[in-house]
Number of protein chains: 2
Amino acid sequence: MPQQALSDLKVVEYGDFISAPYCGKLLADLGAEVIKVEPPGTGDSSRRYGPFPNDEPDTERSLLYAYMNTNKLGISLDVQSPLGKKIFKALLQQADVLIENYPPKFMHELGLDHESLHSANPGLIVTSITSFGQSGQYRDYKGTDLISFHMGGIGYPTSGDVDDPDNYPPLKGPGHQADIMAAITGAAAAMSALMARRMDGVGRHVDISEQEALVRAIGGPIVSHVSRGETPNRIAGMDRPISGRKPLRAKDGYFSAQMLMDQFWPSMKKVLGYPEWAEQDVFNDRTTRSQNIEVVTAHVEEWAKDYTTAEVFQILQVENHIPCLPVNTMEDVFTHPHFIERGTFVQMEHPDIGTFQAPGPPYDFSLTPWQIKGPAPRLGQHNGEIMCSRLGYSKEELVKMKQLGVI
Amino acid sequence: MPQQALSDLKVVEYGDFISAPYCGKLLADLGAEVIKVEPPGTGDSSRRYGPFPNDEPDTERSLLYAYMNTNKLGISLDVQSPLGKKIFKALLQQADVLIENYPPKFMHELGLDHESLHSANPGLIVTSITSFGQSGQYRDYKGTDLISFHMGGIGYPTSGDVDDPDNYPPLKGPGHQADIMAAITGAAAAMSALMARRMDGVGRHVDISEQEALVRAIGGPIVSHVSRGETPNRIAGMDRPISGRKPLRAKDGYFSAQMLMDQFWPSMKKVLGYPEWAEQDVFNDRTTRSQNIEVVTAHVEEWAKDYTTAEVFQILQVENHIPCLPVNTMEDVFTHPHFIERGTFVQMEHPDIGTFQAPGPPYDFSLTPWQIKGPAPRLGQHNGEIMCSRLGYSKEELVKMKQLGVI
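Residues numbered from 1 in each chain as written. Chains lettered and ligands numbered in written order. Predicted model: local features only at pLDDT ≥ 70, side-chain atom pairs only at ≥ 80, totals over all residues. Heavy atoms only, no water.

**Things to note about the overall build of chain A**
Regarding its fold elements, chain A presents 17 helices and twelve strands. Going through the 407 residues of chain A one by one, you find that 64% of them count as buried. Of all intrachain contacts in chain A linking residues separated by at least 6 positions in sequence, the fraction that spans at least 24 positions is 69%. On chain A, roughly 14,300 Å² of surface is accessible, and the fraction owed to carbon and sulfur atoms is 49%. (Helix = DSSP H or I, 4+ residues; strand = E, 2+ residues; numbered from the N terminus. Buried < 20%, exposed > 50% of the residue type's maximum accessible area, 1.4 Å probe, protein only. Contact = heavy atoms within 4.5 Å. Areas by Shrake-Rupley, 256 points an atom, 1.4 Å probe, with all protein chains shown as cover.)

Below, the structure written as C-alpha cells:
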C-alpha cells in the first residue's frame, strides 16, 4: 500500500455532528491518523441522526455517522472529568493538530483553551470551528446550519424572485452547507498552519466561523454590496435579473444555458437561426443584453419547447460549445455516466451496516490518492488500543475507567 | 513585518474569473508569492465585470477583479505563442504550485498538461480547477456557476417548497458558490499535496471539479439519497418538512430557531409557557416532533407575533440558550456589531479605485496572520520585474515582446 499524502500527521478530533468531523474526515481520508474523541454513552450526535437502514434508529448504524467518520480511530472519553481531561491532554502531547467545535467559553472553562494547550504542546495546531468564531460578542452563542445561513445574509436572497416577500419567507439551500464549507475551510487553514509551522516550529490557533465561511461563498456579488452598500433583492443572482440566472424549460424538463457572455452569443444566434430581434444592438452588448435578458430568455424557451433537455444539451453544448446542461435531480446525479466514470460516489463497507453508497474524494491527487481504509469506529472501539498501547494504562485501569464512566 | 504563513511558497496562477483566482488569493493573502498570468490586451474576464465605481466600466477599476487578486504580482503573457509558452515554462521552473482553470484538452494541446509540466519540474504541484474535473466524458465541456449548481443536483431542491414544481423552475443560491467552493477545496488540496511532497519531493496533479465540490456541500442528506436511492423533494431541508427548516415570522421580520433538537426543547416549552399541547408525547420525541413540526412552527409563530426579531433573539438565544437569530439581509451583515468586532469585512486601497470594502480573512490564525500587503495588479504591471529581474530578459526584448503582442 503506498504511503498516503498525510501519513505522518497525527490529529485528535474533539468535535460533534458535521463541521469538525467532516474536517477530520478530510485529513483521515488522505492518511492522517485521526483519533475521534466521543462522550461515553451517547457518542457523537450524528449517531442519532438518520438515515438508518430500514429506518430503524441504531447509534451504531447511522449512515451519516458512518460517512463522516471513515478512516478514524474512535475512543470514548469524558473530557469534563479530571481523569478524562488528563488522558485528553496526554493524547494532545502526541498530536500535530486538534480539531474541535465547542463554544470558546466551554473550552476555556475546561482549561482546554488554546493558550493552555499551547503551553503544554507548543507545536500543536488548534483548529476551532464554531458558529460565530473565537472573537466578537456572539462567540458563545449557539448556532445551527440554518442560523449560519441567515446570520451570514446568504439566506435572505435564496428564496428566488418572489412576488410577495413579506409573506414568502427566506429559505436556505439544501443540506448542511455552512458546516461543510467551514470544514473545508478548516482543512485548508490547518494545512496552511502546518506549512507555517515548518518555518518556526510553533503551533497556531486557527479560527473558523461557520457563517463567515458561508458568507464568503457568495463570492463576487458580495463585493458589490459591501462596496456600494446596496441591499440585494431577493433574486437568485443578487446582482442581475433572475431570469438570466434560472434554468429554462424544454419539452421535458429544465436546462441551464449561458446567454450573457459575449463569447457564446454568436453561437446562440446561430442556433436560434439568426432571428431579426437578435441582430438589434441592444442584444449584442453584454450589458444591455443582461438588462433585457427576459426577452432573450423568452425566445430561447420558445425555441427549446420542441426539444428534450437531452436534445438541447446536444445542440448547445456538444455541437455549438455553448455552456449548457440539463438540470439534474439527485437521482440523475447518482446515475450520471460522467460521475460514474469519475468515481464521484463510492461503495463503503461497515460491519454493522453492510454496503452503502457515499460521496467519494472531495479532492484527489496523483501518487498518493484518497483511500477508504476502514469504516467509522463503533463508540469506544479503539479505547484499548489508544489507552493501553499508546498511553500505557493497564487493562485493569481501563475496566475502572469504564466503571467510573470516564470512557 | 512578521513573516507570513506561506512566505516561502511560489505560485503561478493561470486562471480566469473566480475559481482559480480565488484559490490564488487564498494563498497570496497568507504570504505566498502568486504571479498571475493574464492574456495581453484583454486580461482576466473579471476585469469586465462589475461592480465599477459610478457604474462606469473600466478594466482597471473592476471591484470584483480588485477583490479577487489582492496581494498578487501580475504579468500579461500570450501563453499560446511560442515565446509566451517558453516564458511560462521558465516561470514554472521556479514555482511550487501552478493553479489553472482551463479545459484539460486546451492545456494538453498547449503542451501544458500535467505530464509535460511534471517532466520539466518534478516537484511542481498542478492544481486544476474545472467545471467537470480532469476525467470523465464531460471533462472538456464548458460550465458556469449556474450549470455546476444544476449538474451537481443541488439546484433542484433549492427553490423551496413550491406548489407547482412543473411551472416553478429550480433556482440556484446567490453568487458564485460553485466557484468559491472549488477554490477553497483547491487550496486545501494544494496544501495537502505540499505536505505530501515533504515526504518524497514529488509534485502532484490536484483534480478539482466545481460541481463535485458543490454537490459535497450538501453534506448529510446526500448520504441518504446515495444510500437509499431516494429523490429528494424540492424542499429546503431535503430530508424533512421545510417548515422545520425555514425561518419564522415575528412582528417585524423573520428569525431562525432550533425546535427539533431534544436538548433545547425543554427551554422552548418554558418560553412558550408550558402549553398543554406541548406536553403531549408526540412533541417530546425528536422524531415525532419533526414529523409534526408544522404544528410546533404554528405555535411558535403565534407566540412570536407580539415580539420583534430583536426581542425574540433576546428571549430565546440570550436568556434561554436556544439557537436563534434574526434573518439578516446583506445590509444587516455589513453593519452587524459582531462582524465589525471580528473584522469580517475590511477596507482595501487601490490606486485606480480608491478605498473600497471587501470580505476579510476566510480563515485566520495566530502569529502569522492574514494580511493585505498590496492591491490587485494592473494588467501587465509586473512584466518588467518578472521578465527582466527574474527571468533575465533585457528591456529591449521586453519592448519587442510588447510589439509582438506576446505580453
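**Some remarks on the pattern of salt bridges**
All names here are of chain A. Summed over the entire model, instances satisfying the criterion amount to 36 salt bridges over all chains. Linking Arg-197 and Asp-96 is a salt bridge whose minimum nitrogen-to-oxygen distance equals 2.9 Å. Taken together, the residues Arg-197 in helix 7 (residues 177–200) and Asp-96 in the loop between helix 3 (82–93) and strand 4 (97–100) connect sequence positions 101 residues apart. Both residues of the pair, Arg-197 and Asp-96, belong to the buried class. Linked through salt bridges whose partners overlap, the residues forming this network are Glu-13, Lys-36, Asp-44 and Lys-72. (Salt bridge = Lys/Arg side-chain N within 4 Å of Asp/Glu carboxyl O.)

**Comments concerning the nonpolar core**
Formed by 106 residues in total, the largest nonpolar core has its most connected members in Leu6(A) and Leu6(B). Apart from residues lying up to four places away in sequence, Leu6(B) is in contact with Ser192(A), Met195(A), Leu27(B), Leu30(B), Gly31(B), Ala32(B) and Met191(B). Residues Leu73(B), Leu77(B), Leu112(B) and Val406(B) belong to the second largest nonpolar core, which totals 30 residues. (Core = buried A, V, L, I, M, F, W, Y, C linked by side-chain atoms within 4.5 Å.)

**Some remarks on the pairing of strand 11 (residues 354–359) of chain B**
Summarising the sheet, strand 10 (residues 345–350) of chain B and strand 11 of chain B pair through six bridges and their orientation is antiparallel. Considered in strand 11 of chain B, the bridge of Gln347(B) is made with Gln357(B). (Pairing = 2+ DSSP bridges.)

**Observations regarding the environment of Ile372(B)**
All names here are of chain B. Along the chain, Ile-372 falls in the loop between strand 12 (364–365) and helix 16 (383–390). A residue is classified by how much of its surface remains accessible, and Ile-372, at 32% relative accessible area, is partly exposed. Placed 344 residues apart in sequence, Ile-372 and Ala-28 show a C-alpha to C-alpha distance of 9.0 Å. When near neighbours in sequence (up to four residues on either side) are disregarded, Ile-372 contacts Asp-29, Thr-70, Asn-71 and Met-348.

**Focus on the side chain of Ser45(A)**
Among the structural elements, Ser45(A) can be located in the loop between strand 2 (33–38) and helix 2 (63–68). Take Ser45(A): its relative accessible area is 11%, and that puts it in the buried class.

**A few points about the sheet that holds strand 9 (residues 324–326) of chain B**
Residue and element names in this part refer to chain B. Strand order across the open sheet formed by three strands is 7-8-9, with antiparallel pairing between neighbours. A strand with exactly one partner marks an edge of an open sheet, and here the two such strands are strand 7 (248–249) and strand 9. Relative to strand 8 (residues 254–257), strand 7 runs antiparallel, the two being bridged by two bridges. Counted as the bridge partner of Arg-249 is Tyr-254 from strand 8. Helix 13 (residues 309–320) rests against strand 8 and strand 9 of the sheet, and its axis sits at about 165° to strand 9. (Axes fitted to C-alpha atoms, helices over the stretch in contact; angles between N-to-C directions.)

**Regarding unusual backbone geometry**
Negative phi values dominate among residues other than glycine, just as trans dominates among peptide bonds. Residues and elements named next belong to chain A. The phi dihedral of His-321 is positive, around 55°, even though this residue is not glycine. Mapped onto the elements, His-321 comes out in the loop between helix 13 (309–320) and strand 9 (324–326). Note on His-321: relative accessible area 48%, which makes it partly exposed.

**A word on the environment of Ile407(A)**
For Ile407(A), the position within the fold is in the segment after helix 17 (395–404). With near-sequence residues (within four places) excluded, Ile407(A) lies in contact with Pro40(A), Ser76(A), Leu77(A), Asn383(A), Met387(A), Leu398(A), Met401(A) and Lys402(A).

**Considering the packing of helix 10 (residues 265–272) of chain A against helix 13 of chain A**
Helix-helix packing is described using two parameters, namely the angle between the two axes and the distance between the axes. All names here are of chain A. Where helix 10 contacts helix 13, the axes come no closer than 11 Å and their chain directions differ by 135°. In terms of orientation, helix 10 and helix 13 fall into the oblique class. Considering only the axes of helix 10 and helix 13, their crossing is right-handed. Here helix 10 contributes Ser-267, Met-268, Lys-270 and Val-271 to the contact with helix 13, which in turn contributes Ile-315, Leu-316 and Asn-320. (Parallel < 35°, antiparallel > 145°, perpendicular 65-115°, else oblique. Left-handed = near helix turned anticlockwise from the far one by under 90°.)

**Overview of helix 16 (residues 383–390) of chain A**
Think of an α-helix as turning once every 3.6 residues; residues three or four places apart then point the same way. All names here are of chain A. Among all positions in helix 16, only Asn-383, Ile-386 and Met-387 are buried. Along the axis of helix 16, the buried positions cluster into a sector of 95°, meaning they face one direction only. Of the surrounding elements, those touching the buried residues of helix 16 are strand 2, strand 3 (73–76), helix 3 and helix 17. Remark: Gly-392 follows helix 16 within two positions and exhibits a positive phi of approximately 85°. (Arc of directions from axis to C-beta.)

**Description of the confidence of the model for chain A**
For any part of a model where pLDDT is low, the fine detail of the predicted coordinates should not be relied upon. Residue and element names in this part refer to chain A. Overall, the prediction assigns chain A a mean pLDDT of 86, with 87% of residues at 70 or greater. The low-confidence segment residues 235–243 (pLDDT under 50) makes 37 contacts with residues lying over four places distant or belonging to another chain. We note a pTM of 0.89 for the whole complex and an ipTM of 0.88 for its interfaces. (pLDDT = per-residue confidence, 0-100.)

**Observations regarding the packing of aromatic side chains**
Counted by the stated rule, this structure contains 26 aromatic pairs over all chains. Relative to Phe106(A), the ring of Tyr102(A) lies with its centre 5.3 Å away and its plane at 35°, an arrangement referred to as tilted. Here Phe106(A) falls in the partly exposed class, since its relative accessible area comes to 24%. Seen from their ring centres, Tyr22(B) and Tyr67(B) are 6.4 Å apart, and the 45° between their planes marks the pair as tilted. Here the residue Tyr22(B) occupies a position in helix 1 (residues 19–28), and Tyr67(B) occupies one in helix 2 (residues 63–68), the gap between them amounting to 45 residues. Using a relative accessible area of 1% as the deciding quantity, one classes Tyr22(B) as buried. Of the residues examined, Tyr67(B) reaches a relative accessible area of 2% and is grouped as buried. (Phe/Tyr/Trp six-rings, centres within 6.5 Å; stacked < 30°, edge-to-face > 60°.)

**Details of the side chain of Thr297(B)**
Residues and elements named next belong to chain B. Here Thr-297 lies in helix 12 (residues 293–304). With relative accessibility at 6%, the residue Thr-297 sits in the buried group. In terms of polar contacts, Thr-297 uses its side chain to reach the backbone carbonyl oxygen of Ile-293, at 2.7 Å. (Polar contact = N/O pair within 3.5 Å; in protein donor to acceptor, adjacent residues only side chain to side chain.)

**Details of the packing of helix 1 of chain B against helix 7 (residues 177–200) of chain B**
Residues and elements named next belong to chain B. At a minimum axis distance of 8 Å, the contact between helix 1 and helix 7 shows a crossing angle of 45°. The angle between helix 1 and helix 7 falls in the class oblique. Here helix 1 runs over helix 7; the crossing is right-handed. Between helix 1 and helix 7, the contacting residues are Ser-19, Tyr-22, Cys-23, Leu-26 and Leu-27 on the first element and Asp-179, Ile-180, Ala-183, Ile-184, Gly-186, Ala-187 and Met-191 on the second. Residue classes in the contact of helix 1 with helix 7 are distributed as nine nonpolar, two polar and one charged. (Nonpolar A, V, L, I, M, F, W, Y, C, P; charged D, E, K, R; others polar.)

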